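Observations on the model geometry
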Amino acid sequence: MKISVRHFMNFILCFFGLLALLLPFAAIVTQAAPPPDTQVKKSPLLAALQAELERSMKTFKAQDPPAYYIGYTITDTQRADVSGSNGALLNSAEARNRWLEVSVRTGSYETDDTHKVGERTQTSASPGASVPLDDDAGVLRRAVWLETDMQYRAAAEALIKIKTGKEVKVDSVENRAPDFSHEQPHSFIGPQVSFTLDRNPWEEKVRAYTRTFRESAAIINSIVTFTAQAQNVFQVTSEGTQLQFGQIRYRLELFIQGKAPDGMDIDRYYNFDWVNPADAPDDKAVAAAQATMRKELEGLVVAPINEPSVGPALLTGRAAAVFFHEVFGHRAEGHRQKDAAEGQTFAKKVGEPILPSFLSIVDDTTMQKLGSEDLLGYYQFDDEGVPAQRVTLVDHGILKNFEMSRSPLVGFPTSNGHGRRQLGATPVSRQGNLIVESSKTLTNAQLRAKLIELIKAQGKPFGLLIDDIAGGFTFTGRGQPQAFQVLPLVVYKVFPDGRPDELVRGVDIVGTPLAALTKIVATGDTPEVFNGYCGAESGSVPVSAASPAILTSELEVQKKESSTDRPPILPPPAHDPAKTGGQQ
Amino acid sequence: MKRTRGFAGLTILAAVLSCGIVTRAQAPKDNDHTLQAMRDEMARSKTRLELKIPGTPQPQRPYYVEYRLLDLDVREVVGEFGALISTSHTRNRFMDVEARIGDYKLDSSNFISDDGFRGFIGPTGSVGIDRDYDSLRQDLWIATDQAFKEAVETYSRKQAYLSSLARQSDIDDFAKAAPLQLIEPLVTPDWSNRNWEQEARETSATLRAFPQIYESRVTYYLVYATEYLLTSEGTEIRTNRCFAAIESGMNTLADDGMQINHMYATYAPKPADLPSVDAVRKALNVTGTELMALRAAPPAQDYTGPVLFEARAAAPLLAQVLTPAINGARPPVSFTPVMEQLLTGLGGKSDWVGRMGARVLPPGVSLIDDPGAKESHGTALLGAYAVDDEGVRAEKIMIVDNGNAKELLMSRRPGPDSDISNGHGRSAFLNDAKPTMSNLFFKSTETLSPADLKKKFLDACRSEKLPYCLVVREMDNPSISLLHQDDFSELLASFGGGAGTGDRLPLIVYKIYPDDGREEMVRGARIIGLNTRMLRNLGGIGNDDFVYNYMQSQVSGFAGTALGAFGSAQSGLPASLIAPSLLFDDLEVRGARGEPKRLPLLPAPPMTAE
């Protein structure tokens, strides 16, 4: 989901999952150029880009204003999608495309065309252009030539505006950091990747999986999508960076929809991510996920609505991981400390405690796996050509660092490899693999006992057990309350008197981040991984979050906004006792 | 004048079958369970779908339910300067469910409200491609539920709005139509054994010979579609449609910074009928050469005087001017006057409605729309169909006879002159069906040979004592010639209200000097004020019919407007217009306006010629 960020409102909308479902229909390649081979061989694309880069730089650095940086990136994407819905194949296709992005910066590292003056936001002149699948240097260079000229023109115009604007605006301290960091150039030629896939077995699987969902009268719609994606990146910059690397990812997403009697939409979603084809989930693993989804949806449809409350809560690992991603991770993104329009929650807190001392948080994009689970936030180089790194954000409760792109902060002059973007967007600092580590761990049984202890101590009728979170909204802008709202999907009331847990629906967690983070009293002993796609200013990027379960002494929940649309008037055709029309 | 017609229920089997070779005499047996699923869900919806509204005695029920389903099998191949940009083959199925509350006289349709029902899944969407029974019933079930609730809400909003009006329209909302059954056999797409990727490479490579062309695209677009329609009135239809297109756009900048575009497009009823590589290369070479000539040509100056449209330009001009005029349906009732203004601004209100019997074209001229016509002057026509997208049998309509308006094209949305459909409710890709031309013939009893017409033109020029006069050889179609959405938006903005009052975009325009007959190309001309009224009196009509196959735009807001002729294969409705050269005695032409762009700082990088 790509969201537009308006200048008056900094708003992060982060919905994990669902994204593949919203992508436009892909295509079947019937006869394309041969797939890139897997040997380490330098692509001829790099030489073509380099030739055009040298020609452009020579001319544009002599202009007024001069270009001081030019970067070219081609992303070659091979993608297969197989989707099923309600027991039938929805589509099955494979497509390949090559996308060119050109970055031209005018002025200097100190002050360039991306400099923020007031609340004006920087937008790229063009998201890029399609370039040939065939390695035709002449045709490619022509596209690069036109994009470079357009980007230079936009960057020159922007810089002139900024120079005029700076005279009438006072720069904040934060804004005194340079606009672009100096980085070491990198040369890396890795193997190109591609996959050969027989879509037929997946077509049968998505049919069968969604057919199973039809057995439940509560499930009114189901979609299952399998995606395979091989991406090869080719990048050259005027600083001397020259990169070629690739990555393959596979994903299976399950999505079902239902409706409560009062009209509330009930969704359940589950995803599997893997890198090695051998790690694909088997039918048994999928069936188990499906059974859980179905049970939860059927339970939620008839569950009572939770009234607003404040009290102790236990978040399971996956829910806690999303909670940290929303509440902490987005606020630790470097550019949010810089922008005058941002709330700068943590800007002046470096070196200060922001979490209980038993918690540390790293963002480590060099990690391919945590335990046996593939991490979606792994990469070799970020989208500004900076190598992936392990960054300690919080060390034993003390804030140490931010996720940094090449947009420096005072005291943080260089990137730590977190400049990321969706194809066509301008990179900003984003999360990769956000990993929460704890030195005060309890077993699951101990955590639950501790939760009941807290409920009793606070004299509350119940506490909450939060098992799944869909993502959330985080307001980080200065004009809005520094609040977050995360959307839990599966929530149980836990009673101190030993009654069984009760599933409830319509719960939103609300609060302010600094307060919420300090209320954590203990954690579990097993980290759990949540893989998803996160949407923000620079588009949708793959991320992971990992955390053990967390117990918090106080969590505020409010009632969820609900739809007024009533449930369907007639029963599902397969569950209609009055058979009008012959079933086949 | 209102008229009614009696239809007997009729069944046509495989009457028109342009996509396949199979023709059978009886209902086909196949593994397609689409219609059965539609029938069964329809039966349930008709009898049991109802909503009790608090405070009203009777529950609401739909009086009409319609299921449409489009099965699209599409291949698209894009080449640029000899390299392949993309190639794809997709098959998708889309459904569209409509439910109507009220009755034929006044129902929930034809109303544009500021806010409406927003369901969680909606009455439209993508459905399974297996042609199976169970998944489609599930999808139709939810879609019907959503469409019905949407109709209930719209109906109540519409009634509330109408009660605030002084006088309500006496035109019905929905025309009755006899149920029709037409089940064509399923067609297996025939992509032919041609290598489309290689053809796209080879044809687009022609443009490498023109180093001054900045950007270009050659797109092959091959479509096989199966359309299903089932209504609660008993109509059941499964038909096949197919067409194939090659479209190319290209651009450059003149030395003064004016952006110049050119295009080439050709359409055929099916892939195998597309022109060969050699023929396309030859045509693209002409287009490229013309673009280079345009680039070097001087900008057009403001001009008033006679303009000759050669047949290749006259047919697309008529497609633009006549599309809104021949549409006889009433416009929707709009909650906001903005919609009305928008339609008027785009030239979307018919000037001919309410003028039956009046002279609208020169005496001797007739305008005939014939959905049954297959070819004209040896060229296959694109617009043919047997049954329209509302399940009404296509009729040949004499729209204008001897210059006088006689009958407009009608869908099932009645208008002031007719309350019955004549089978022209057409839609591309499940859009709303609108009265749209199929194969439109512009014929005159009084014609001149091209030589005589030119002589008449030059005589008029001399008698006005003009140093030169303008001849238009080709019209622009910006939806093909422009390669960037930004450029298209900019162009639309430049129209302002001009589309409604008759701004037209000629592409290839020559000055002709009557003294010595020499010709000079000019660029950037725009004709203004060329509306339907200008067609009443023409200076002359040629006998050189040109068959113009093109795509009617069905883009929301364009359909049924003067911009309706700006379509492309991806979003258009195949149509044909057959017309000769036309001489206008007095037109206004404006020279180039707007700020030119700066030329690129660097010259184009090298690209070898092939």
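Everything quoted here is computed from the prediction, not taken from an experiment.

1. Description of the interface of chain A and chain B
Across the contact, 51 residues belong to chain A and 52 residues belong to chain B. Of all the secondary structure elements, the ones that give two or more residues to the side of chain A that touches chain B are helix H2 (44–60), strand E3 (88–106) and helix H3 (137–168) of chain A. Of the residues belonging to the side of chain A that touches chain B, the class tally is 23 nonpolar, 18 polar and 10 charged.

2. Looking at the packing of helix H4 (residues 200–213) of chain A against helix H5 (residues 283–302) of chain A
All names here are of chain A. Contact geometry of H4 with H5 gives a least axis separation of 11 Å together with a crossing angle of 30°. The angle between H4 and H5 places the two elements in the roughly parallel class. Relative to H5, the crossing made by H4 is right-handed. Between H4 and H5, the residues in contact are Tyr209, Thr212 and Phe213 and Val286, Gln290 and Arg294, respectively. Residue composition of the contact of H4 with H5, grouped by class: three nonpolar, two polar and one charged.

3. Brief notes about the domain arrangement of chain B
Residues and elements named next belong to chain B. Each assigned domain of chain B is listed with its residue range as follows: domain 1 (24–79 + 88–194 + 226–244) and domain 2 (303–590). Inter-centroid distance (C-alpha atoms) of domain 1 to domain 2 is 31 Å. Facing 24 residues of domain 1, the contacting portion of domain 2 comprises 24 residues. Elements that contribute at least two residues to the side of domain 1 that touches domain 2 include exactly strand E2 (64–80), strand E3 (83–100), strand E4 (111–112), helix H2 (134–162), strand E6 (180–183), strand E7 (215–231) and strand E8 (236–253). Counting residues per element, the side of domain 1 that touches domain 2 draws most heavily on E8, which supplies three residues. Broken down by class, the residue content of the side of domain 1 that touches domain 2 amounts to 14 nonpolar, five polar and five charged.

4. A word on the sheet that holds strand E26 (residues 572–579) of chain B
Backbone-to-backbone hydrogen bonds pair the strands of a sheet. The strands run either parallel or antiparallel. All names here are of chain B. Spatially, the six strands line up as an open sheet ordered E16-E15-E12-E19-E26-E25, and their pairing is mixed. Of all strands in the sheet, those bounded by a partner on one side alone are strand E16 (404–405) and strand E25 (546–553). Direction of pairing for strand E19 (residues 439–444) relative to E26: parallel, over a ladder of three bridges. The residue of E26 that forms the bridge with Leu440 is Leu577.

Cut-offs applied
Residues numbered from 1 in each chain as written. Chains lettered and ligands numbered in written order. Predicted model: local features only at pLDDT ≥ 70, side-chain atom pairs only at ≥ 80, totals over all residues. Contact = placed C-beta atoms within 7 Å. Helix = DSSP H or I, 4+ residues; strand = E, 2+ residues; numbered from the N terminus. Nonpolar A, V, L, I, M, F, W, Y, C, P; charged D, E, K, R; others polar. Axes fitted to C-alpha atoms, helices over the stretch in contact; angles between N-to-C directions. Parallel < 35°, antiparallel > 145°, perpendicular 65-115°, else oblique. Left-handed = near helix turned anticlockwise from the far one by under 90°. Domains from an automatic or database assignment. Pairing = 2+ DSSP bridges.

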